[in-house]
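Understanding the architecture of this molecule
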Amino acid sequence: MLNSIFSSFKRRTDEIVLLGIAFFLFIVATNTQTGWLFLVDAILVGTLLLGFISSRLQIRGLKIERTFKNWAYEGEKLKVEILLQNLHRWQKHLLAVEEKFPASEKGESKTFLVEKIEGSKTRTISYEEECFKRGIYSFPPLKIEAGAPLGFFSFGKPFKKNGELIIFPSGPSIENFPVRSTSLYTTSQNRPYSTPGQSHDFLGIRDYQPGEGTRYIHWKATAKLGKLMVKEFKKLSSQELTIFIDNSLDIGRGRETSLEYAVKAAASLSNLSVRQNNYFKLITLDTDKIVTLANPGHLHCLEWLAGITASRTKITPETIASLAREANYKTRLILLLCNPELDPAWLQPLHEKRVFVKLFVFDSDSFKEAGEQAPAANRFDYLEERLKKENLAFLRIKKGDNLRKALVEGLSL
Amino acid sequence: MSNKIIEAFARLRKKRLSPEHSIPLRIATLLTVLCGITATLSQEEWPYLSIWVIAGTIAGFFVSWIRREKNNWWIKLILAILMCWAFVDFMSNLLQNIYDPRIPLSYLLLWLQTLHSFDLPARRDLNYSLWTAFILMCVAGSLSSSMAYGAFFFVFVFCSLFALFYNYLSSVEEKAKVTLNVSWRSITSTILKTAAILLFIGGIVYLFIPRFHGLKIRPLPVSLQIRLFNMGEGQIKNPAYPSSGQSITKTLDFNSDAYHGLNPYLDLNMRGTLNRTVVIKMRSTEPVYLRGVVFDYYNGAGWQLSNFQVKSVSSANPPISLNLPYPGIHEVVQIFFVEHEMPNIIFAAYQPYQLYFPTTTIFYDQNLGLRSPIPLEKGTIYSVVSLTSNLPDEKIRKIARKKFSFPNIDLSQYLQLPPISEKVKKLAGDITKNYDNDYTKAMAVCLYLQNRYPYDLDIPPFPENVETTEYFLFVQKRGYCEHFASAMAVMMRTLGIPSRMVTGFTSGVYNPITGFYEIRNYDAHAWVEVFFSGVGWISFDPTPGWDALPLAEREEKSPWMISALINYLKEKIPPEITEPLTRSWQAFIKALKTFIARFERLNLKGKILALFAVFLTVFAIALFTIYIFLRTKKYGLRIAKFIRKLQNLPLKLSNGFLKPQEKAPSGPRFLIWQIYYKMLKVLVSIGFNKLPSQTPKEFALESVSNLGWEEINMLTQQFEEARYSRHEIDEEKVKESREILKTLDEKIKLRKRATSFEATLL
């Protein structure tokens, strides 16, 4: 409370000093009975009043719209347009539009200056910004500040414009996926893709979902119902894959963190699975439980991956047991580990279920910045030793490693 | 240690603000500063300083612009040394006259501004320059006593608006890291609009700024002290009447440039009109009369001083204090700015007790008439603090009833009279026969003179060897202030009440803009002082149109500037216009006061407030209940809707004002409409008017049958198509319609010419 008062006083130093001077002038004018000083005082007070009113009027009657594509890939440049509409008949002058692109690298806000907007006219501001890191962002309120024409009592007003921006992770593209499992499963409701050509058993029709090809559109049903419908077929099992993203530890800065690497790896693997029409599940940790996404579509999958954040929950034997419950008999499980605190013995339930486990260990300690204190003994070396002892297939990935190469290598183990 | 010094320097270097590159901002700031400087310089005669300061400031701004990106440590060093020198100079000037620091202060400010102009690399420095310019304007305002300052001030306002605008523009440009190319025309238009609004808002604020009694904080201003080796004898010396000596009783030649009453002898037979030259400008806590010469000896034709002896009083430093013979209760502070050469009379309200005067010694006579050892030159400033005994009428009445006197006071000289006719004595007796005390008697005589005798400056001279009072009261029966005052003083003396005649000035006209009472030559005045035991000398003014008790305590004048301005304007506007307005305003105020007084009489202050609060609460609850009731009932819905409409009314109104109004329809369809309406207009000029009852087709049929012009038909068809069809109308059709209208226009012109030619033939 006191801080906010102090900061607002600090921001308005000029105005407070001028008000003080106006009061002082009044005292001097009264004491000396100097008529002109009353006039000077009145004009000074008038200037402050004008500044106060004018800055508020500059903001009044402004309508703001922000337009942008609400999703993009990490590293992609996104164009944002801000439309300022002046609903009044008077001109608006010198508006400072403060915009913060939430997915930018430094998170700094940019200021755009609008010289004037004529009455009942619009002005557009556009900018392009690189989407630095995957995630689900929401734009902070757009702040417009005006103090024209005198700069006193400049007034800023936040315009709340809800805008969610999803930045998908951009994992490296993998061409081939050698799989061994042969389990049978039925089509999941989450699965948007049918498998044309592989089975001819008609399952039914359902609503068309964005991103699907037009080949399987059921035209008769579409014409009858007035909306796009697609044919869905029963599918004979091909492969099944479970990907577990360990988000219990996230070390590093910006895009170079262990969790980011893990998410990118997951994105690559899930992308490949979608392309190959493999049934797959994505699992990650939430507070005290695991979260599963079964057989999503491409965009759904990316959106889910974009939303993964570091969790405080650590991997425990119970987590592995849950994973074992999720993974089907004789299927494949890819563990994308960021936390070295895993005991290979915990994997026993998976072995019992004959789940084929592949381990990608992201060496979190290698993601530490130069200045950060490294642990006395590398915990990942210890984990590596233990995994080797257990004869488990794994690949250790460090900061700066070529992820594509590492994934291909890891999958072929 | 050395590392620490280097670090400190590095920090300082980091703190350096980015240089200001905006040339318009620098020019606008320079103009504002120059305006402040010239306003200050114009208040005093500083020819050399003016050249140095103005040239130096311009050069300084130029150097600052050239070297804005450099460190300029050596310039800063030189400036620091020069500023120290300016400060030392200021202190030495201040010590010479500690009572009026305005001149040394403005001198210092001017130098500081000039020196500072050489080091203005950043915007913040330019801001400081604006501050200094503002302070200079304030100093100039405090020094100014004329309306010319207004011109400087308004130019200053315009220039500073430009400077503030560019300042803000530069700051936002820096924030956004862009440079806008704002057109000069756009800025000028914005500033002009801003200036107009600012003057409006500032004007309203000015009108409602309260004006309280000031001059509370001392010391008061006084001119530089003059050291005199010969103080003189303290006798009255009037430069406008050089032949007037110590006890001259002969008639002087009237000089319209100076009041003849400010001489040792006041000739009641002198005639003439004084000019309008401003002689004194005064700042005062109250509009009080300025006492000049007090006469106590009447010779039948004029008044003079009975005793020319004066006493002196000295003080090495102001103020010079005087012992008051009678108790005073109300303090009046006056600052005098002498605007015209005056006699060596120190004008002041009665009774002066502290003088801030430019000499170490002053003189005073037995009637407390003050004299200066030197004549009052133009430009002399002095201040006087007086303690008046201006009690309200009722209080004087009460005190005057009690008969107690001041010890050791010989009042016999104030009862002196030459042989006076019995008629005068009888008149005085008749006027006062119903009154039992001196005060009421004096008031009765004063009011009698005010009400029975008209004021007239154009009276013929009195005949030789007549007693002027008798002639004035019974023969001439009209006169001017000296005659009224003389008559009252004489009548008081016939009644045995001590009285004396006073000459001086009224408080003149108060100029609320400058804050000065402007006292002109024709504000010279004469009045009477009457002695009452227990009270002392009380001023009475028997001249018609003036307040009978000029120094009596009155109700506080309105503190608002607006009322002072109205009073000032009243002096300028003819009374035929102002009087009805004043009367109605006074009636309104009276009614209001009566209304308030009735409440006050009930003595229910606290209870009224409580009752009012209860009433408001009950009213609010009742209103809320009615509102709820109306909303729930069927018949109330309409009222509720109406209330809602009322609630939305301000919004609607504001939208109506603020939102853009719908534009007139445009496009080819509407252009064809316009062309058709033009055709109708030109056809009217030759007598074919389309009636409202006619359809376009009917009108076309009628006019074509008369005129035989097919163009009318064609345009009508095009109009009907544009008006009623649903398909698109293209630009080609508009062009076609225009061509048709052109042909039709030419035909109409030809027809008009032919008609006028026929008319000339006929």
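Relevant structure appears above.
A brief look at the structure comes next. (Residues numbered from 1 in each chain as written. Chains lettered and ligands numbered in written order. Predicted model: local features only at pLDDT ≥ 70, side-chain atom pairs only at ≥ 80, totals over all residues. Heavy atoms only, no water.)

Next up on the list: the state of the cysteines. Residue and element names in this part refer to chain B. One pass over the structure, following the stated rule, counts 0 disulfides over all chains. The cysteine Cys35 is free of any disulfide, with Cys159 supplying the nearest cysteine sulfur at 5.3 Å. Using a relative accessible area of 6% as the deciding quantity, one classes Cys35 as buried. For Cys159, a relative accessible area of 15% puts it in the buried group. (Disulfide = S-S within 2.5 Å. Buried < 20%, exposed > 50% of the residue type's maximum accessible area, 1.4 Å probe, protein only.)

Each partner contributes residues to the interface: chain B has 56 residues there, and chain A has 47 residues. Carbon and sulfur atoms supply 73% of the area that chain B and chain A bury against each other, a total of about 4500 Å² over both sides. On the surface where chain B and chain A come into contact, there are 1 salt bridge. Taken together, the links from chain B to chain A amount to 8 residue pairs in polar contact (both at pLDDT 80 or more). With 13 residues, the top contributor of residues to the side of chain B that touches chain A is helix α7 (residues 148-176) of chain B. (Contact = heavy atoms within 4.5 Å. Buried area = accessible area lost by both parts, 1.4 Å probe. Salt bridge = Lys/Arg side-chain N within 4 Å of Asp/Glu carboxyl O. Polar contact = N/O pair within 3.5 Å; in protein donor to acceptor, adjacent residues only side chain to side chain. Helix = DSSP H or I, 4+ residues; strand = E, 2+ residues; numbered from the N terminus.)

This part is about helix α10 (residues 403-411) of chain A. All names here are of chain A. Of the residues making up α10, those classed as buried are Leu403, Ala406, Leu407, Gly410 and Leu411. Down the axis of α10, the sector holding all buried residues measures 125°, keeping them to one side. Buried-residue contacts for α10 involve α5 (258-275), β18 (332-337), β19 (356-362) and β20 (394-397). With a side-chain oxygen positioned 3.1 Å from the backbone nitrogen of Arg404, the residue opening α10 is Asn402. (Arc of directions from axis to C-beta.)

Residue and element names in this part refer to chain B. Taken together, the side chains of Glu728, Asp730, Glu731, Glu732 and Glu736 make up a negatively charged region of the molecular surface. Inspection of the secondary structure puts Glu728 in the loop between α20 (710-724) and α21 (731-761). Of the residues examined, Glu728 reaches a relative accessible area of 73% and is grouped as exposed. (Patch = residues over 30% accessible without salt bridge, like charges linked within 9 Å, V, L, I, M, F, W, Y side chains within 5 Å. Areas by Shrake-Rupley, 256 points an atom, 1.4 Å probe, with all protein chains shown as cover. Lys, Arg positive; Asp, Glu negative; His and termini not counted. Charge placed at Lys NZ, Arg CZ, Asp CG, Glu CD.)

This part takes up helix α9 (residues 379-389) of chain A. Residue and element names in this part refer to chain A. Looking at α9, one finds that the buried residues are Phe380, Leu383, Glu384 and Leu387. End-on view of α9: buried residues confined to an arc of 105°, all on one side of the axis. Looking at α9, the residues exposed on the side facing more than 90 degrees away from the buried face are Tyr382, Glu385 and Lys389. In this structure, the buried residues of α9 make contact with β19 and β20. Once α9 finishes, Asn391 follows within two positions and takes phi at roughly 65°, a positive value.

Moving on, we come to the nonpolar core. Residue and element names in this part refer to chain B. Residues Leu110 and Phe153 are the most contacted members of the largest nonpolar core, which totals 79 residues. It is α7 that contributes the most residues to this core, 14 residues altogether. If we ignore the near neighbours within four places in the chain, the residues touching Leu110 are Ile37, Thr40, Leu41, Trp46, Leu49, Val53 and Leu136. Ranked by size, the runner-up nonpolar core spans 75 residues in total, among them Phe295, Leu370, Tyr439 and Phe505. (Core = buried A, V, L, I, M, F, W, Y, C linked by side-chain atoms within 4.5 Å.)

Residues and elements named next belong to chain A. Mapped onto the fold, Asn86 is located in strand β3 (residues 77-86). A polar contact is formed between the side chain of Asn86 and the backbone nitrogen of His88, at a distance of 3.0 Å. Once residues lying within four places of it in the same chain are set aside, the contact partners of Asn86 are Gly61, Leu62, Gln91, Lys92, Ile117, Glu118, Gly119, Ser120 and Lys121.

Moving on to the sheet that holds strand β7 (residues 320-321) of chain B. Residues and elements named next belong to chain B. Reading across the sheet, the 7 strands line up as β7-β10-β13-β8-β2-β16-β15 and stay open at both edges, with antiparallel pairing between neighbours. Only two strands of the sheet have a single neighbouring strand rather than two, namely β7 and β15 (509-511). In this sheet, strand β8 (residues 330-338) lies alongside strand β2 (residues 278-284) in antiparallel orientation, the contact comprising 5 bridges. Paired with Ser284 across the bridge in β8 is Gln334. (Pairing = 2+ DSSP bridges.)

Here we take up the pairing of β3(A). Residue and element names in this part refer to chain A. What you see with β3 is a clean split: Leu78, Val80, Ile82, Leu84 and Asn86 sit on the buried side and Lys77, Lys79, Glu81, Leu83 and Gln85 on the side with no burial. Where strand β1 (residues 62-68) and β3 come together, 7 bridges link them in antiparallel fashion. Within β3, the residue paired with Phe68 across the bridge is Val80.

All names here are of chain B. Taken together, 3 strands build an open sheet; the order of strands is β1-β5-β4 and the sheet is antiparallel. This sheet does not close on itself; its edge strands, each paired only once, are β1 (265-267) and β4 (297-298). Sheet analysis places β1 next to strand β5 (residues 302-304), joined by 3 bridges and oriented antiparallel. Within the sheet, the bridge partner assigned to Leu266 lies in β5 and is Trp303. Packing against the sheet, helix α13 (residues 481-494) makes contact with β1, β4 and β5, and its axis sits at approximately 75° to β5. (Axes fitted to C-alpha atoms, helices over the stretch in contact; angles between N-to-C directions.)

Residue and element names in this part refer to chain B. Examined against the element boundaries, Asp296 turns out to sit in the loop between β3 (290-295) and β4. No salt bridge forms around the buried Asp296; measuring N to O, its nearest opposite-charge neighbour Arg493 is 6.0 Å away. Side chain to side chain, Asp296 and Gln366 meet in a polar contact 3.0 Å long. Every residue in contact with Asp296, bar those within four places of it in the chain, is listed here: Trp303, Gln304, Leu305, Ser306, Gln366, Asn367, Gln413, Tyr414, Gln416 and Arg493.

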